[in-house]
Amino acid sequence: MKTSDETPFAPVVTPRSAPAQVADQVVAAIRDGQIQRFERLPAERELARLLGVSRPTLREALAGLELAGLVRSRQGHGTVVIASPAHVANWGAEVTPIQVFEARLVIEPELARLAAEKRYPEDIAALQQAGAELEKEFAETGHYRSDLPVHRAVARAARNPVLETALEEALRHTESSRWVELRSSALRPEVIREGHVDEVRQIIQHVSDGNPTEAAEVWRRHLIHFRDEMLTSLHEDAPQ
C-alpha cells in the first residue's frame, strides 16, 4: 500500500452516487496496480476519511465489491483485495451488484408480464417443466442448485429477444465465485428456500393463467427478496 501522501484515494465530491464512486476508486486502484492482490485495504475509519464519505456509505460500496468478487471482508481481519488487474479489467468498473439487481428489477417483471400475455403453449409447457424439475430437486434434497432455469424459461416465454438478451447480460455478472458463495449462504435457511420455491410456483401459475399484473408483481417481489437476502448474508460476515 502507498504511504498516506501517495494514497490512490481522494474525497468523493461529484453528484454521482457516493457508493458507486467509492467502488470506482477501489477498482481503478486495483487496475492501475496501486493496490496489489491480497493486500489489505486501510481500516474502515481511515478509508472513509480518505474518501471523504461516511462509514455506512463505505460499507455499501465494499458490500458491492465483495458481491462482485473483488474483495473479501471478514470480522477482525478487515477487507482484502482478491482480484487481479486482469479480473478488474474484464469485470468493468461501471457494473456493481446493486446495478445488476436494478437492471433485473426493470427487465424481469416486464418479461413475466409479456409471458403471461402471450402464453404460447410450448412456452408454458417449457416453463412448467422447469418448475417441475426444481420442485423435484427441492422435494428430494430440501435444496436446489439454481432457479435460473425458471427465470430463463419466463424470459423465453416473453418472446422478446431484445429483453431476453438484456437479461443474459445482467446474469453474466452473477458468475463470480463470491456471488455463488453468498447466494448459497443466503439460501441456507430452510424458510428462505421454501419462500423462493413458493414464488416460483406463483409465477408459473400466473403466467399459465394469463395474469400479467400478478406475474410481474410476483417476479418483482421475488427479486427484491433475493437481493435483500444476499445483502443480509454479506453484512453478517462484514467487519463491524
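To be clear, the structure that these remarks concern was listed above.
Computed from a predicted structure; not experimentally measured. (Residues numbered from 1 in each chain as written. Predicted model: local features only at pLDDT ≥ 70, side-chain atom pairs only at ≥ 80, totals over all residues. Heavy atoms only, no water.)

## Points about the overall build of the chain
To keep things clear, this is the line we draw: Helix numbering and strand numbering both begin at the N terminus, where a helix is a DSSP run of H or I of at least 4 residues and a strand a DSSP run of E of at least 2. Whether a residue is buried, partly exposed or exposed follows from its accessible area with a 1.4 Å probe, protein chains only, as a fraction of its type maximum: under 20%, in between, or over 50%, in that order. Each accessible area is a Shrake-Rupley result for a 1.4 Å probe, and residues are judged covered by the shown protein chains and nothing else.
Tallying secondary structure elements over the chain gives 11 helices and two strands in all. Secondary structure elements of the chain, listed N to C terminal, follow the sequence α-α-α-β-β-α-α-α-α-α-α-α-α. Out of the 240 residues in the chain, the part that is buried amounts to 47%. Summed over its atoms, the accessible surface of the chain is roughly 11800 Å², and 53% of this surface lies on carbon and sulfur atoms.

## Considering the side chain of Glu 108
We apply this condition: N or O atoms closer than or at 3.5 Å make up a polar contact, with two conditions inside protein: a donor-capable atom paired with an acceptor-capable one, and, for residues adjacent in sequence, both atoms drawn from side chains. Residue contacts follow a heavy-atom distance rule, with two residues in contact if any of their heavy atoms lie within 4.5 Å.
In this fold, Glu 108 is placed in helix α5 (residues 97-118). Overall, the relative accessible area of 1% leaves Glu 108 in the buried class. A distance of 2.7 Å separates the side chain of Glu 108 from the side chain of Arg 104, its partner in a polar contact. In contact with Glu 108, not counting residues within four places along its chain, are His 151, Leu 167, Trp 219 and Leu 223.

## Regarding the environment of Ile 82
Relative to the assigned elements, Ile 82 resides in the loop between β2 (78-81) and α4 (85-91). Ile 82 has contacts with Arg 37, Gly 69, Leu 70, Val 71 and Arg 72, leaving out every residue within four places of it along the chain.

## Some thoughts on the packing of aromatic side chains
Short version of the rule: Working definition: rings of Phe, Tyr and Trp (its six-membered ring) pair if their centres are within 6.5 Å, and the pair is stacked with planes under 30 degrees apart, edge-to-face with planes over 60 apart, and tilted otherwise. Consider the ring centre and the ring normal. A charge sits over the ring if Lys NZ or Arg CZ is within 6 Å of that centre and within 35 degrees of that normal.
Applying the stated criterion across every chain, the model contains one aromatic pair. Ring centres 5.8 Å apart and planes at 75° place the aromatic pair Phe 101 and Phe 226 in the edge-to-face group. A residue pair is termed long-range when its members are at least 10 positions apart, and Phe 101 in helix α5 and Phe 226 in helix α11 (residues 212-237) qualify at 125 residues. We note that Phe 101, like Phe 226, is buried. Above the plane of the ring of Tyr 120 lies Arg 159, whose end atom (NZ or CZ) is 3.9 Å from the centre.

## Observations regarding the packing of helix α1 (residues 18-31) against helix α3 (residues 55-67)
The condition that has to hold: Helix axes are fitted to C-alpha atoms over the stretch in contact, other axes to C-alpha atoms as well, and angles between N-to-C directions run from 0 to 180 degrees. Reported orientations rely on four angle classes, namely roughly parallel under 35 degrees, roughly antiparallel over 145, roughly perpendicular from 65 to 115, and oblique for the rest. For any pair of crossing helices, the crossing counts as left-handed if the nearer helix is rotated counterclockwise from the farther one by less than a right angle, and right-handed if it is rotated clockwise. Polar here means any residue outside two lists: the nonpolar Ala, Val, Leu, Ile, Met, Phe, Trp, Tyr, Cys and Pro, and the charged Asp, Glu, Lys and Arg; Gly therefore counts as polar.
In contact at an axis separation of 8 Å, α1 and α3 are set at 55° when each is read in the N-to-C sense. By the angle between their directions, the pair α1 and α3 is classed as oblique. Crossing handedness for the pair α1 and α3: right-handed. Residues Ala 18, Pro 19, Val 22, Ala 23, Val 26 and Val 27 of α1 lie in contact with α3, whose contacting residues are Thr 57, Leu 58, Glu 60, Ala 61 and Leu 65. When its residues are assigned to classes, the contact of α1 with α3 shows nine nonpolar, one polar and one charged.

## Observations concerning the pairing of β2
Where we set the bar: Any two strands are treated as partners once DSSP identifies two or more bridges connecting them.
Strand direction decides the pairing type here: strand β1 (residues 71-74) and β2, joined by four bridges, are antiparallel. Opposite Arg 74, over in β2, you have Gly 78 as the bridge partner. Here β1 hands over to β2 after three residues, with Gly 76 in that stretch at a positive phi of 80°.

## Things to note about the packing of helix α2 (residues 44-51) against α3
In the contact formed by α2 and α3, the axes pass within 9 Å of each other and the chain directions differ by 100°. With respect to α3, the axis of α2 lies roughly perpendicular. For the pair α2 and α3, the contacting residues are Glu 44, Arg 45, Leu 47, Ala 48 and Leu 51 in the first and Arg 55, Leu 58 and Arg 59 in the second. Here the contact of α2 with α3 is built from residues that sort into four nonpolar, no polar and four charged.

## A closer look at the nonpolar core
Formally: Only buried residues count toward a nonpolar core, which is a set of Ala, Val, Leu, Ile, Met, Phe, Trp, Tyr and Cys residues joined through side-chain atoms within 4.5 Å.
If you look at the biggest cluster of nonpolar residues, it comprises 24 residues, and the most contacted ones within it are Phe 9, Ile 35, Leu 41, Leu 51, Leu 58, Leu 65 and Leu 70. For this core, the elements supplying multiple residues, two or more each, are α1, α2 and α3. Looking at which element gives the most residues to this core, the answer is α1, with six residues. Other than its neighbours up to four places away in sequence, Leu 58 contacts Val 22, Glu 44, Leu 47, Ala 48, Leu 51 and Val 53. Ala 115, Leu 134, Val 197 and Ile 203 belong to the second-largest nonpolar core, a separate cluster that totals 22 residues.

## Some details on helix α10 (residues 190-209)
Residues three or four positions apart in an α-helix share a direction because the helix packs 3.6 residues into each turn. What counts here: A helix is expected to reach a length of 1.5 Å times the quantity of its residues less one.
Taking 1.5 Å as the rise per residue, α10 with 20 residues should run 28 Å; its terminal C-alpha atoms sit 29 Å apart, in good agreement. Every buried residue of α10 is accounted for by Arg 193, His 196, Val 197, Glu 199, Val 200, Ile 203, Ile 204, His 206, Val 207 and Ser 208. Backbone geometry just after α10 places Gly 210 at a positive phi near 75°.

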